[in-house]
Each structure stands twice: as C-alpha cells, then as structure tokens.
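What the coordinates show
Listed below are the residues making up each chain.
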Amino acid sequence: MPEVDFTVEVCGMAGDGTIAAGGLINEAMSHGGFSVLGFDSYPAEIRGFGRCVTNSRIGSNEIVALGEKTHALISLNDEQSRSRTPSLAEHSLVFFDSNPPAYVPEDNSLLSVLPPGAQVFGIPFGALAVGASGASRGRNLTALGGFAAVTGVDPNLFRKVIRDKFKAKGDRVVDINVKSFDAGYEYALEKFSDRLKSIFSKIETDHDPKKVMLSGNQAIGMAAIDAGLKLYFGYPITPATPIMEYLAKYLPERGGRVVQMEDEISSIGAVLGSFYAGTRSMTATSGPGFALMTELITHGVMAEIPAVILDAQRGGPATGLPTKTEQSDLHAAVFGGPGDSARIVIAPTDVEECYHFVIRSFQLAEKYQTPVIVLTDFFLDNRVENRPLIRAMEGQAASWNVFPDEAFKDHYQRYADTPSGISPRALPGMEGFNFTATGLEHTEKGSPDYSPENHAKMSEKRHRKLRYALKDLEKPAEFFASDHLDVGVIGWGSTFGSVLEAVEKSRKNGFKVGALKVTSIFPYHSETIGAFMAKSKRVLVPELNYEGQLANLIAHLDSKPVDRLNFVTGTPIPPSAIQSRIEELLGVLA
Amino acid sequence: MSMKRFVIIGNGPAANHAAKALRENSSESRITIFSKDPFRSYRAHLLPDFIAGLIKEEDLYNSSYAHYNEMDINLRLGQRVVSVDFSKRNVILDHKEVVPFDGLIVATGGKPRLPEQFQLFQDIMLTLKTPLDARMWVEKLSNVDSVLIIGGDLTSLSLTKALLKLHKRVKFILNDDAFWPVPLNEEIYRAVTGRLEQRGVEIVHCRRIRRITQLEENLLEVETDREILETGVLGAFFGLVPDVGFLARTGLDIDRGILVDEFLKTRFANVYAAGDCAQVYHPALRDYWVSIGHENATALGRIAALNLAGSHFEVQVKPESILEVGGVKINTSWWTEF
C-alpha cells in the first residue's frame, strides 16, 4: 500500500491567518485518518508584526517528530516565505499569490530564491477570496483550496473543518469561508489540471474516531480538569498562557475557578495554600516565572505541602527567547532553590503523556506531600498531535492522599518518621489532628527545632520519601531493546520523538542502536538508566540546552563518558542531526 | 561595481547553451533562466519514444537540477514572462514580479503552429511539443485504439512510428500545410504517403475538413469534404512558429520572429534573440531567415551569449543553405532529419 510522509508549511505575516490555515490542515488531515504532528512558530510581539510559520507533518504511519524537509510551502507573504526555502525538499510544491496588490521587486520575491526543482502554483488568493466572499480576508482559505486540489485531499475534509471552526459565528460566516476555500479549489483544479499530484487521494487510512487533535497545552488543561482541579492560580507567560486560557474557558463549567494573580510568587503561594487545605490546585509558568517561585517551592518541600507546577520551558536565561523552545530549566527544576530541597520532577515526551502525567502529578504531590514539577517546553506545549486519547475514568484520578489512622487521634504527629518517609497527612479542620506546618526546620510534631540531630534526621526523612517515590514514578522505557548496543541514545521531553525516529532510521541502516525514554527526571531510576548505559558502547544524550543538563544528572551512572548533542537554536532537534551523530559515533567505533 | 544581471527567457537548447556560454565568460554575473513551462530542458526528438514506452520520462531531460546549482544559474521554471520594459530594462512576470537586467537573451523557441481553420478545434486536438503533451498522449492512448493525424511535419512522422509500435490504427490527412516549412509538392507527397501506407497507415485523401465533433470522451467525429471519420484521438501537426507574442507592443521589431542582425542583436542595447524565435539578418541576402532544429539553436544561443559578454561573432550561414518556403527563408544547413 502506498505510504505518505509529507510536510507542509504555511508562512505569512502575523495577521495573515497563517496559524488558522495550519490548524485547518491539521484538523482536515486528521479527519482523513492521517497521523499529524503540527507546530506553529510565531513572533513574541503582538499581532501585526513578524513571521508566522506552521509546520504540519502528515503521515500514513505514526508521526513522532517534526518534518525536516518541506514538501509543500503555502506562502501567504512571499517576503517572509523567502526564509523557508532552504528547507524545501526536491520537487517541493510552492503555492503563492499570483496576483499580489502591487508589483514586487525581484529581491523581495519568493520565486527568485526557490530551488530549481520547486514546482510553483500561482493562485490569485486575494482576488479569488474577494470574488467568493467580498473580502480578501479569506485568502488563506483560498490557498488551502489550491493546496487540496493539487495534492489530492478530499475537499470535504476541509469543508467540514471550516464549518466546525466558524459555526459559532453563524451560517453566513461559514458560507463565505467555505466559498473562499472552494474558489481556490476550483481554480487550481482547472488551472493545473495537467499537474495534479494525487499525493493523498491514493492513500488508504484507517480513520480512528478515538483520535483527538490536541496541543500539549490543551492536553494539560484537559487533564487538570479530569483530575478534579478546583483552583488554578497563574500569571500569563509564553508558552504557558494557553493552559490558563483553556482552563478559564472550561474549568468554571466543572465548578472550578481560574484566578489571575499579581505575579508568580503569589501564584505558587496560593497553590500551596489551597493544597494545604486539601483542594487540588495548580499553576503553570515558564522559566522566568519559575525562578520567582523557587523559594516557595522549597517551602512546600520543607513543610511537606503538595503542589503541582507546570514549567513550560522556553529559550533562556532571563526573558530569553519567549517564543522559542529549549530544555534548559532541568537544573532549576531539580535543584533550584535554597537548601536540600529535592522534589519530584517529571517530563512528558508527547501530547498524550502531557495528559496522563498531569493527572499523575496531582496524585504524586498528594501522596508524597511535595511539589511536583511537570517539565514541558514550547515545542511540546504548542505542537498538536492526533492520537487515540483514552481519558481518565472516574477513580483513575482519585486522590492518593495518605490520611492518618484514627489511632493517632489526639497525638498526631504531622511529620512522623515512617519507614517510607511518608507522614500521614491530616487536613486542617480534621478533629483531633491539629498540627503546625512550617518552613522552619521542625520536629516530627512540627515544632521548630534547629538542632543538628533533628536537621540531619528530618533531611534524611524527606529524601528517603523521595527515593520511595520511585516506585510510583514511571520507569525508563527502552525501545529496540537488545543485550548489547553500539550506541544507546537517551532522550527526554519533546526531544524524544526525534530520538526515536533517528534510532529507527539508523537501525534500518543496519546499525545496532537503541533508545531509552526517561520521563522521571527526579528522582530517577538510576539502576535502569545505568544498566542501559553499561550495555551501550557509546551513550548519546541529545538535548535542547547548551549545558547538557540531563547528561550532567546521569553521567555518574557509568564509567564511560557520555556523548552529548546540544542544540540551542530555539527549534526542535531534527532527527537527522541525531542520526548523523549516531553514525559519527559508529564510525569512531568502527 | 555591482554584479551584472543577465536574464534569459526560454529553456530550450538555445537558452541553455546561451546560459552556459555566459557563465563561462562572465563568472561573476547573476544569470537567470525563465521558462513558462514547469519542466527542465528536454530532448524533443525523444518524445515519441517516451510515448511508445521505449524510454522513461526522466530520460527526456538534459540536465539535473544540481547542474544548474553547480553552474550558479537560477533556473526559474513555470514562471511566465508577460512583458519586457526595454526603457527601464525590466522583465515583468505573470505574478507581477519585476526583474531588472543588464543583458537579455530571448530564446523562447517555437510553439505548435495551428492554421486558422483549425483554431476553433484546438481544445480537442493534441499536439506534441513538450513532456506535458507527451503525458497527455500516453494518457489518451491508454483508452483509444485509433488516431487521426492532420497536417504532417517531422514530429508527426516520428509519432506515427511510436503509434504503430503501440499497435494503434493510424490515419493520416496530408494537406497543403503538411510538412511546413517544406513545401508539399507532388514528389514529397507520394514519397511520404507511400512510406506510411507501407507501414500500415491509412491515408485519407481530402481537400478540407468541414467539422470536428466530440461525440464521447474518447470518440471524435471528423467530417471531410469526402467522408465522415471516427477516431479516438486527433493530432494536429503543422510545424512550429516563433513564440514571441508576449513581446508585442514592447518596441521590439518582430516579423515572424524577433528581428536581429547578423550578430543576433535586437534594436535595443544588450538585448539579443536566438534560436527558433529569432529572424536573423543575412548581409549577403539582405534579408532575414529563421532557423529550425537543435543544432541551429545551440549555435545561435552560444553566439548571442558570447556577443552579450563582449565578443563580436557573426552568424555564418552560406546563402545556398537558405531555403525559401512560402515567403519564409529558412536555414536548413544543419537540417538533416528529413
């Protein structure tokens, strides 16, 4: 059966409808039964400035990483699209507005910088949209019509998703948008009748109705609601803001509240306060906001108060690169803050895991009475995937809180030193279970005590609890398992998709390579990771940071040095870069 | 001094040899080829072989895309030049792009010639000039058994061979326009029809075609002054004419093709024309001639480029090789196919 692995980019200026067009491609192709992974990049500035690009990789098999070569470029702004040409595949299809409002000098023209094999499809986007709807605003839909006609996408897929997108605005708006799409479709069918490609029309796909098209941020918001979130406290920051927007829209329907706080310090303070009272709450932020939270996070560690904090990483340090992706908060998430303040850090690798890990984060926080940090990044938060998403049933998100036994009534010790380190937690108001919670070092009872013996004992108790937490933390998953590997690649977070694709391709080239997915960042499963490293002649850790932050964390687990591949381009690591590094290492081995 | 910009319109043998010669003689210049067709330079004489299934489509093409990158030539396919502003020295493209030039070579070649009486039927008649046309023939032939060819010319004879290889029934109508630019005298007529009949082609004798009607998707009815014929596909072959319509009203001197002197210069400085689209002045004849065929085109393309780069080469054609056909003087010096 023919297979397809096709990447399409839409490029325009902010305000051109670029992101909307990319979203419609993702939705339409998902409805067509294809696997889709989409990612948008847009400027940090407000609407009206800067370049927007959407990248959609569409496959008949499961897609786990972004496409590296663009097979079709839809240009809504030729001057901006010039920057996209280096990634065009040979014989790529280029759709552009053949009747722009003004004459264009060669030095601003997209067509003047295309590679010679590019196949150009000039469509008067604006003029057709005006003809169809009376306004040029629908030119992005006209462009999609042209794309659908030339590549052989069933137009009804687009018509459906356009109707779905605009139905809230009424029949008239739906009608003019469908007409704009149809105008481009009909034009291209006739104009390019001898150049139509049938790229998608010949592919049989199994439409899976359980497949849901979600971004990482949407999955996080959905998971929080399914986990019974009652209170969200936050302060807007890219790329975490869409979580707050999602919850602001849907959480009130479930009896919850979203509160925009004055800053990130008050946000984490409010989260600790509500969890202290026994109510599930969370906050989401990015690097600069996370930095502000660190002192109170350690307060949660010391006072053993649960908290769920989502750190959507972006390029740093400081304000850094607000709309670019990076995995450089790992050190801060694991070690940030005063004192020995170990806490749980987990990192999903795809949209589906975003959903399940957020649900699990509430349970871990409750059981281990400590802040749980979920590390995502701009790429994972903003990318969309269509996967069969099995939502948590009632009970699956149930509280893991360990309540004190009635036997301890009236002589309850909030910080009782148990074999696991988990002290049964009473909630304020439980009769006979009064206690003091404090950020000062304290006794098992909760009274401040700075004695050397007590600090040593309670420090050990808190860390013992974290070690015990490993049994509830997902073990690293090995892919292409083997007793001996020439190169073992360890991946985490959004980078893992690229790792998986690179390893799979290297194996197809006949190399003995395997992959390990690490999602429990701290505490981590040192035995499993160490064993994987030990059986690999070379260990490669690709990361989106300069310092090699996961590599630093696990390097001591094996005597051989870890090979690092560090990308700080603000963009996801291409699978080919990992594959090249793998094969470079293999060359060294040979 | 800024880099010189050379623009070549066309992507046939004249255009490509011009680009090559320009690059060899002007390493620092920016060279751009514009072609309205969306495919690379191809070997036109192999199109019938492709239709017959003897070669793959890839075998039609002359150079890889990488070749243009290596030569640092910006090949812009599927991009139609719609006008040239010689006063501002700009080429204007269909999509409203304005491309400045310091030097320009027009080498657009020819396009299928369709006599006026057949223009009404052009949508239902196939020609054969490009790989796209060839693909159309392949697609059509997969659904039909019979072909009627009207006109004649060298391409039609090659195609007929391909059609016979595919076991198609072929009928031929030769009329006065057949074998343009060669005059269809009695001797040629007899020689050609005899050879065709020997191969199993049915010659249809008639003076004129009255009507062509599409009965079904793959069935046409052709009414001549003598009989009514049915055919699956209809081919029109009347030679080529210079493809220079887009240059009308630009100030360029155009008769059948672009009028150039013996150095291939037009009336505008640093603007040249070469190949099938040019009408070249012959000092001895004191008249213009046009060229046909691959060899003529490559030679003229090269001369135009060298002269644009600063040389002063004259086109050398012996007067006796200039043949006059229907008022058009044609250089047949390299023309050996017929």
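Each chain has its residues counted from 1, following the order in which its sequence is written. Following the order in which they are written, the chains are lettered starting with A and the ligands numbered starting with 1. Since the coordinates come from a predicted model, pLDDT governs what is reported: local features require at least 70, and pairs of side-chain atoms require 80 or more to be given and counted, while whole-chain, interface and lining totals use all residues. The side-chain figures draw on all heavy atoms in the structure; neither hydrogens nor water molecules are used.

1. Section: the packing of aromatic side chains
For this analysis, a ring pair means two rings from Phe, Tyr or Trp (six-membered ring only for Trp) whose centres lie within 6.5 Å, classed as stacked if their planes differ by under 30 degrees, edge-to-face if by over 60, and tilted for the remaining angles. Tallied over the entire structure, the rule returns 23 aromatic pairs over all chains. One aromatic cluster is present, built from ring pairs that chain together Phe6, Phe34, Phe95, Phe121, Phe147, Phe192 and Phe200 of chain A. Over the ring of Tyr185 of chain A we find Arg159 of chain A; its NZ or CZ atom is 6.0 Å from the centre of that ring. We call a charge positioned over a ring when the NZ of a Lys or the CZ of an Arg lies within 6 Å of the ring centre and within 35 degrees of the ring normal. The aromatic ring of Phe268 of chain B is capped on one face by Arg267 of chain B, whose charged end is 4.9 Å from the ring centroid.

2. Concerning helix α6 (residues 186-198) of chain B
Residues and elements named next belong to chain B. What counts as a helix is a DSSP run of H or I of at least four residues, what counts as a strand is a run of E of at least two, and both are numbered from the N terminus. What a helix is expected to span follows from its residue count: subtract one and scale by 1.5 Å. Given a rise of 1.5 Å per residue, 13 residues ought to cover 18 Å, and the 18 Å separating the end C-alpha atoms of α6 matches this to within 8%. Any residue under 20% of the maximum accessible area for its type is buried, any over 50% is exposed, and the rest in between are partly exposed; the area is computed with a 1.4 Å probe on protein chains only. Regarding α6, the residues found buried are Ile188, Tyr189, Val192, Thr193 and Leu196. Projection of α6 onto a plane perpendicular to its axis shows the buried side chains occupying an angular sector of 115 degrees, all on one side. Exposed residues pointing more than 90 degrees away from the buried face of α6 are listed as Glu186, Glu187, Arg190, Arg195 and Gln198. In what follows, a contact means two residues having at least one pair of non-hydrogen atoms within 4.5 Å. Where α6 is buried, its residues meet α5 (154-165), β10 (169-174) and β11 (202-204). This arc corresponds to the set of directions leading from the helix axis out to the C-beta atoms.

3. Comments concerning the environment of Asn401 of chain A
Residues and elements named next belong to chain A. Within the secondary structure, Asn401 sits in the loop between β15 (384-388) and α14 (452-469). Asn401 sits in the buried class, given a relative accessible area of 12%. Along the backbone, Asn401 and Leu364 are 37 residues apart, and their C-alpha atoms lie at a distance of 8.7 Å. If we ignore the near neighbours within four places in the chain, the residues touching Asn401 are Glu366 and Arg425. In this structure the side chain of Asn401 is engaged in a polar contact, spanning 3.0 Å, whose partner is the side chain of Arg425. Two N or O atoms form a polar contact when they lie within 3.5 Å of each other; inside protein one atom must be a possible hydrogen donor and the other a possible acceptor, and for residues adjacent in sequence the pair counts only when both atoms belong to side chains.

4. Focus: the sheet that holds strand β17 (residues 485-491) of chain A
Sheet strands pair by backbone hydrogen bonding; their relative direction is either parallel or antiparallel. Residues and elements named next belong to chain A. Strand order in the open sheet made by the five strands is β16-β18-β17-β20-β21, with mixed pairing throughout. At either margin of the open sheet sits one strand with a lone partner, and together these are β16 (477-479) and β21 (563-566). Within the sheet, the average angular offset between the axes of one strand and its neighbour, ignoring direction, is 25 degrees. For helices, the axis comes from a line fit to the C-alpha atoms of the stretch in contact; other axes are also lines fit to C-alpha atoms, and the angle between any two N-to-C directions lies between 0 and 180 degrees. Its contacts with the sheet place helix α18 (residues 575-589) against β17, β18 (513-517), β20 (536-543) and β21, and it is angled at close to 155 degrees to β20. In this scheme, strands are said to pair when DSSP sees at least two bridges between them.

5. Here we look at the interface of chain A and chain B
With 22 residues of chain A in contact, the opposing surface of chain B contributes 22 residues. One side-chain nitrogen of Lys or Arg within 4 Å of one carboxyl oxygen of Asp or Glu is enough to make a salt bridge. Where chain A packs against chain B, one counts five salt bridges. Measuring nitrogen to oxygen at the nearest pair gives 4.0 Å for the salt bridge that ties Arg76 of chain B to Glu106 of chain A. Taken together, the elements giving at least two residues each to the side of chain A that touches chain B come down to β5 (88-97) and β6 (104-105) of chain A. Element by element, the count of residues in the side of chain A that touches chain B is highest for β5 of chain A, at three residues. Residues were grouped as follows: Ala, Val, Leu, Ile, Met, Phe, Trp, Tyr, Cys and Pro as nonpolar; Asp, Glu, Lys and Arg as charged; and all remaining residues, including Gly, as polar. Here the side of chain A that touches chain B is composed, by residue class, of eleven nonpolar, six polar and five charged. Inspection of the sheet shows β6 of chain A paired to strand β6 (residues 97-100) of chain B by two bridges, in the parallel sense. Each bridged residue has a counterpart across the sheet, and for Val104 of chain A the counterpart in β6 of chain B is Glu97 of chain B.

6. Concerning the domain arrangement of chain A
Note that the domain bounds were set by an automatic or database domain assignment. Domain parsing of chain A yields domain 1 (5-207), domain 2 (213-388), domain 3 (406-472) and domain 4 (477-589). Using only C-alpha atoms to locate each centre, domain 1 of chain A and domain 3 of chain A end up separated by 59 Å.

7. Structural notes on the packing of helix α15 (residues 496-508) of chain A against α18 of chain A
All names here are of chain A. Running from N to C, α15 and α18 point in directions that differ by 50 degrees, and their axes come no closer than 8 Å. As summarised for this structure, α15 and α18 are arranged oblique, according to the angle between their axes. For the crossing formed where α15 meets α18, the hand is right-handed. Across the interface between the two elements, Ser498, Val499, Glu501, Ala502, Val503, Lys505 and Ser506 of α15 pack against Pro575, Ile578, Gln579, Ile582 and Glu583 of α18. When the residues that make up the contact of α15 with α18 are grouped by side-chain class, the tally is six nonpolar, three polar and three charged. For classification, angles of less than 35 degrees are called roughly parallel, those exceeding 145 degrees roughly antiparallel, those between 65 and 115 degrees roughly perpendicular, and all remaining angles oblique. Two helices that cross are described as forming a left-handed crossing if the nearer one is turned anticlockwise from the farther one by less than a right angle, and a right-handed crossing if clockwise.

8. A closer look at the sheet that holds strand β9 (residues 231-234) of chain A
All names here are of chain A. Strands sit in the order β10-β9-β11-β12-β14-β13-β19 across an open sheet of seven strands; the sheet is mixed. Among the strands making up the open sheet, the edge pair consists of β10 (257-260) and β19 (520-522). If you compare each strand with its neighbour and ignore which way they point, the axes differ by 25 degrees on average. Where β9 and β10 come together, four bridges link them in parallel fashion. Looking across to β10, one finds that Phe233 is bridged to Val259.

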